[in-house]
Structure formats: C-alpha cells, structure tokens
Amino acid sequence: MIKNGKYFVPPGDGEYDFKALFKRTVSAGAGRPVDDEGFPQGSWTPDALAEAISQIEANRAGIELRTVQLWFQDNEKGISTDNIRWLARVFGCDDPEATSAWQAELSAAQARLTAKRRDMRRRGRDEQTAPQQPDTNQLVDAEGVEPPDRTMAEDQTVVTGAEGTGLARASEALFSQGSPLNLPVSVFAGAVSLQFISLFLGISSVTYMRDDGIIKQVGFLWAPNWTILFIIFLPLFLAFVVDLLVFWRREGRAEISGPVSPSGVLKGWEQKVDASSYTFWAAFLVNIGFAGIFQWVDVRLLPLLTGKNDHAVDWGSLALVDPDAISVSQEIVFTGLAYFYMCICFYLFFTGLILLYTLVHDFSEIVHRRGSKVDVDPSRVSKIELRIMQGIFRCTILGLLIAITMKLQALYVTTTASNVPRWLLIDGLSLVPGISGTIGWGDYATPTNYTSLVVALSACTVFLYGCVRIGLSGPYRAALRKMMVVVVLEVLAYLSMGAFSGFSVLLVLGILLATYGLFDPGFGTSQVAAKGVRNVS
C-alpha cells in the first residue's frame, strides 16, 4: 500500500513488544519512498531513519543518531513518548489517520516491553540469594536524586544537555557537542582568514624605520601572538579540553559514580556547569568588554583617530608612520576584526579553563562523597586520575606557551632588534665569550604584558587545583612530579623574558620540554607504572 508516495505497512495486531515491532517494520521499509514499480527503497538504516525524523518540520530539535542506533540494537532500550510521536509520523507516511494508528501501536508495544522487562527483573530477584541487591528501577544518581521512570528515559541516555539554556550550558555545549574538530578548526580558520586579509592589505610583511634609524619588521605574519598563538597553541588547547571533557561525560564520570542511571550521570555534571553561571558571565564580560572593546578603543582606535600613540609601532598602528602602506580607515576596520576575533577566542580559552576546574571539582566531590560505597576497581580510578591530570597538564603548558607568545611580541616591539628571531639569536649568543651584541629597549606602554600574566596565572591555577584536589597516588606519583617540574620551568621561562641577557636559552629549553610533554605527559613514567599495575593485577 502506498500513501503520499511512501510505502505503508499497517500496524501490528498487538502481539509484539517495541523491539520486535520496530525490527519487523524497519526491515519492511515502512515509510520509505517507493520506486516507479511501487517497491520501497530498501530497509531503514539508522542514518536514514535519523535523517527522516530530523526533517519533520514540527521536530525542531531533531534527534541524535545514537538514539536511533539504540533502537536498532539488541538491548533493553525502549523509546520515549516524544520520539514515539516522530516515529509514528515516519511509519504513518505523514497520513493523519495512519500516524494516529501507529502512535497507538508503538505506545502499546513500548508498554509491553516495559512489562516484559519488569517481569524478567522480578523473576531475577526471586532467584537471587542476596536480598540487599538494589532494584535497577531505583538507581540513585551521583547527586542523590532518584531518576524518573526509566521507561521514559530509555532513549535519553545520549542526551548531551542541548535542552539546557543560559551562557554556561551553551558554552559547555560548544566543547561537548558535535565533532571534536569543530572548535579547534573554527579558531584555526579564523586565524588563517585574518592572515589572508593582511596579505590583501599589504601589511603581512612590512618594515619601517624608527626615528633612531632602527629598521623593524612589523608585519602581521611576523607577530607570534597573532600567528603561532591562534594557528597552533590555541587550537591544540581547545582540542585537549574537548577530548578530556568528552571522556569525562561519556566514560569517566559513569565509572566512578557507582550505580547511577545514564541520565543521572549527565544530570549531575550539568548541575555543576549551571552552578558556574556567574563565572562564565564574568569571563564573557571581561573578555568582550575589556580585553576586546575597551582595549581596541584605547590601543588602536583612539591613536589612529588622533595621531597620538604612546605604544610601540606594530602592524596595528602602521598607518601612523607609513600611510602609503595602509590607510587609517583600513587599519581601523582590520584591527576591529582582529580584536573581535581575539576576544572571542580568549573567551573560549577561559571557558576551557572553567570547565577543567569544574571537572576537577566534580571528580573530587564524587570520590570523597561516595568513598568506599563505590564498587570500582581502585586501579581504574587511578587511571582516570592520570587521564584527567595528563589532560590538564597539556592544557596548562599550552596556556603558558600562549602567554609566552603574547609577552614575546609585547617586548619585541620595544627593542632595537629588527625581528623576533634575530632578537632571540643575539640574546642567546650574548652568553658566548667573545661575541658581542646588545639589544636596546624603548620606553613604551605594554598592556599585553599584563594580559599575558593573567593568562599564565589562570592556566597555572587550574593545574595547581588539580594537583591539590586530585593528585596522583601509588605508581603514578612520579608522573605528577615530572609534570610539576615542567610547569615550573615554563613559568620561569615566562618570567625571565627580558629580565636578563641569555633568557632565550631557558626559553628554548622550556619550549622543547613542553613540546615533548604534549606527546608524553608522564615523560615515560606513566607507561612504566601502567605496566606495573597490569602485572600486579
């Protein structure tokens, strides 16, 4: 039978539960478009069915592919009332009467599945000799809240909190929903776009002669805080935050929460995120209002409009000293775009730190509250601790590298060096006997120095909080000690910049160790300890 150009299969006669009815119906291709001969275009697949449900105009939220996949799998997962409505629309071929009939049959089939599961659990409890075993219908989540009827939550186990509102939940969704590449690639694409614009404007690589005769490279592509920072360091930082957050939401939190329903696991985490709402708003207002708009007006817009500049000349103020390279109006527009992009990116950076802090707090609270009540292998808890601290360590050293690039550019524009590589080379050679070379310094305002300090302190604060609240016990303690040594070395490298001759040697050493730490956070210790744990077990 064909309805609205689709293959229609009448509902069953009430003998099947949801799993059996669903398997029978999707195999028949009910609701699929028909060919010229009236045959359906094959059976339903999870991808095709999810797409068909998401295309229903009334279903604005769509549906997760993972939810549909659960229907196809041989498990005890049922279907919620809302999704019964959309599935009935598909099987009913958008015909009102057929849809109503399918909705009634799907609801009855779900009720039969629920009764079947309850009967199996009741018989299982009667056969057990341990009466204290908890009823799976009365699972308590990590917050001590009894979840709603499991029947209604069966296909909600993959809900990612999209229904939450507010800045905190929306910001968290940027990191936890969709592809893990979305956020890093977006930041990378924005940086590349700015670089292309600088090429078109002719300020990607340009020099100017100062009043004292020093020729300096002030091109946009030569500024490490606008190239290396946004092309390498920040995308990597966001990628590591996303990886750790997804692991915690989908695996780590469920493993240490004890007997918790899947919906309860996510609910507990989302409550922690919502509790940080004021922190997210503070980060948003500071980054957009002060680091973005206020700083652009003070450092870029007013000097370009008045012609009076207290800051060292760079790509953003080149129009004041070389109007032939770029006009004032072009400079205003380009710096406005760059600073808008910058403040959005740094809001994402601080959002990542807030989420890492929340994750540490959530982990330690669950472990300390439940204590010995959680029937979890201690070695597995230790591995989760290591996974969390390794992720936080990577993000910390990337945060310090971001602060270093910011300070490096802020100091360079005040020196007499012609470019950044030459400045670092001359500084390093100053330690070699017999090689002379000095770098002079100008008296200019450097607001980026303060900004970089805030970035460095914020990154280190999260790492320190993780060390205090989580730490690493047993065989993984050596890994934490090595992480702490590298973080301290990175901080010293940051503080030493411009403080004395030869600081570049310490800086290069710190960068090399940090780069290695991105690939092996435990510096060989965690792998050895993991082998020891496996051998003992």
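Not measured: the values here are computed from a predicted model.

1. A short note on the overall build of the protein
Next, step 1: A count of helices and strands for the protein gives 19 helices and 4 strands.
Next, step 2: Split into buried and exposed, the 537 residues of the protein put 48% on the buried side.
Next, step 3: Excluding contacts between residues fewer than 6 apart, the proportion of contacts in the protein whose partners are at least 24 apart in sequence is 73%.
Next, step 4: A total accessible area of about 25,500 Å² is found for the protein, and carbon and sulfur atoms account for 60% of it.

2. Structural notes on the layout of surface pockets
Any space left empty among the atoms is revealed by the rolling of a water-sized probe across them.
Next, step 1: Estimated volume of the largest pocket: approximately 900 Å³.
Next, step 2: Taken together, 38 residues make up the lining of the largest pocket; nearest its centre are Ala291, Gln295, Pro447, Thr448 and Thr451.
Next, step 3: Looking at the lining of the largest pocket, the element that brings in the most residues is helix H11 (residues 277–306), giving 12 residues.

3. Digging into a nonpolar patch on the surface
Next, step 1: A grouping of Phe196, Leu199, Phe200, Leu221 and Trp222 is seen on the molecular surface, where their side chains present a nonpolar patch of about 530 Å² in accessible area.
Next, step 2: Summarising the element assignment, Phe196 is placed in helix H8 (residues 182–201).
Next, step 3: Here Phe196 falls in the partly exposed class, since its relative accessible area comes to 45%.

4. Focus: the environment of Phe290
Next, step 1: Its location among the elements puts Phe290 in helix H11.
Next, step 2: Taking the C-alpha atoms as reference, Phe290 lies 8.9 Å from Cys343; in sequence the two are 53 residues apart.
Next, step 3: Residues in contact with Phe290, not counting those within four places in the same chain, are Leu285 and Gln295.

5. Some points on the packing of helix H17 (residues 477–496) against helix H18 (residues 503–519)
Next, step 1: It is at 9 Å that the axes of H17 and H18 come closest, and there the two elements cross at 145°. Here H17 and H18 pass one another in a crossing that is left-handed. Of H18, the residues touching H17 (which contributes Val486, Leu489, Glu490, Leu492, Ala493 and Ser496) are Phe503, Leu506, Leu507, Leu509, Gly510, Ile511, Leu513 and Ala514.
Next, step 2: The residue inventory of the contact of H17 with H18, partitioned by class, reads 11 nonpolar, 2 polar and 1 charged.

6. Observations regarding unusual backbone geometry
Next, step 1: A positive phi is found at Cys93, a non-glycine position, where the angle reads about 55°.
Next, step 2: Along the chain, the position of Cys93 falls in the loop between helix H4 (81–91) and helix H5 (96–127).
Next, step 3: Under the relative-accessibility criterion, Cys93 is labelled buried at 1%.
Next, step 4: Phi at Asp94 takes a positive value of approximately 60°, unusual for a residue other than glycine.
Next, step 5: In this structure, Asp94 sits in the loop between H4 and H5.

7. Looking at the confidence of the model for the protein
Next, step 1: Here the protein averages 83 in pLDDT, while 85% of its residues score no lower than 70.
Next, step 2: In the model of the protein, helix H6 (residues 150–153) stands out as the element of lowest mean pLDDT, 41, in contrast to H8, which has the highest, 96.
Next, step 3: This model gives residues 129–164 a pLDDT under 50, and the stretch forms 79 contacts once residues within four places in sequence are excluded.
Next, step 4: The model gives residues 532–537 a pLDDT under 50, and that stretch makes 4 contacts with residues more than four places away or in other chains.

8. Things to note about the pattern of salt bridges
Next, step 1: In this structure the tally under the stated criterion is 12 salt bridges.
Next, step 2: Taken together, the shared-partner salt bridges in this structure form one network comprising Arg253, Lys272, Asp362 and Glu365.

9. Here we look at the nonpolar core
Next, step 1: Counting residues in each nonpolar core, the largest one holds 107 residues, and the members touching the most others are Trp226, Phe230, Leu234 and Phe346.
Next, step 2: It is helix H13 (residues 328–370) that contributes the most residues to this core, 20 residues altogether.
Next, step 3: Setting aside residues no more than four positions away along its own chain, Phe346 makes contact with Leu229, Phe230, Asn287, Ile402, Met406 and Val455.
Next, step 4: Core analysis: the next-biggest nonpolar cluster, separate from the first, contains 29 residues, Val26, Ile53, Leu106 and Leu113 among them.

10. Considerations on H8
Next, step 1: Between its first and last C-alpha, H8 extends 29 Å over 20 residues, near the 28 Å set by a 1.5 Å rise per residue.
Next, step 2: What H8 keeps buried is the set Leu183, Pro184, Val187, Gly190, Ala191, Leu194, Gln195 and Ser198. The buried residues of H8 occupy an angular sector of 135° when the element is viewed end-on, so they sit on one face.

11. Describing the packing of aromatic side chains
Given two aromatic rings, one states the distance between the centres and the angle between the planes to describe the pair.
Next, step 1: The final tally for this structure, using the stated rule, is 25 aromatic pairs.
Next, step 2: Here Phe290 and Phe294 contribute two aromatic rings whose centre-to-centre distance is 6.3 Å and whose plane-to-plane angle is 55°, an arrangement assigned as tilted. Of this pair, Phe290 and Phe294 are both found in helix H11, 4 residues apart, which corresponds to roughly one turn of the helix.
Next, step 3: Through pairs of rings, three or more aromatic residues link up here, namely Phe220, Trp226, Phe230, Phe237, Trp315, Phe334, Tyr339, Tyr341, Phe346, Phe349 and Phe350.
Next, step 4: Here Arg32 stacks its cationic end above the ring of Trp44, 5.0 Å away from the centre of that ring.
Next, step 5: The aromatic ring of Tyr494 is capped on one face by Lys407, whose charged end is 4.6 Å from the ring centroid.

12. Digging into the side chain of Arg210
Next, step 1: Examined against the element boundaries, Arg210 turns out to sit in the loop between strand E3 (207–209) and strand E4 (215–217).
Next, step 2: Arg210 gets classed as buried once you look at its relative accessible area, which sits at 10%.
Next, step 3: For Arg210, the contacting residues outside a window of four places in its chain are Lys216, Val413, Thr414, Thr415, Thr416 and Tyr444.

Rules behind the numbers
Residues numbered from 1 in each chain as written. Predicted model: local features only at pLDDT ≥ 70, side-chain atom pairs only at ≥ 80, totals over all residues. Heavy atoms only, no water. Helix = DSSP H or I, 4+ residues; strand = E, 2+ residues; numbered from the N terminus. Buried < 20%, exposed > 50% of the residue type's maximum accessible area, 1.4 Å probe, protein only. Contact = heavy atoms within 4.5 Å. Areas by Shrake-Rupley, 256 points an atom, 1.4 Å probe, with all protein chains shown as cover. 1 Å grid on protein atoms, 1.4 Å probe; cavity = no way out; pocket = protein on both sides within 12 Å on 5 of 7 lines; lining within 4 Å. Points joined across faces, edges and corners; volume = space filled by probe spheres on them. Patch = residues over 30% accessible without salt bridge, like charges linked within 9 Å, V, L, I, M, F, W, Y side chains within 5 Å. Salt bridge = Lys/Arg side-chain N within 4 Å of Asp/Glu carboxyl O. Axes fitted to C-alpha atoms, helices over the stretch in contact; angles between N-to-C directions. Left-handed = near helix turned anticlockwise from the far one by under 90°. Nonpolar A, V, L, I, M, F, W, Y, C, P; charged D, E, K, R; others polar. pLDDT = per-residue confidence, 0-100. Core = buried A, V, L, I, M, F, W, Y, C linked by side-chain atoms within 4.5 Å. Expected span 1.5 Å × (residues − 1). Arc of directions from axis to C-beta. Phe/Tyr/Trp six-rings, centres within 6.5 Å; stacked < 30°, edge-to-face > 60°. Lys NZ or Arg CZ within 6 Å of the ring centre and 35° of its normal.

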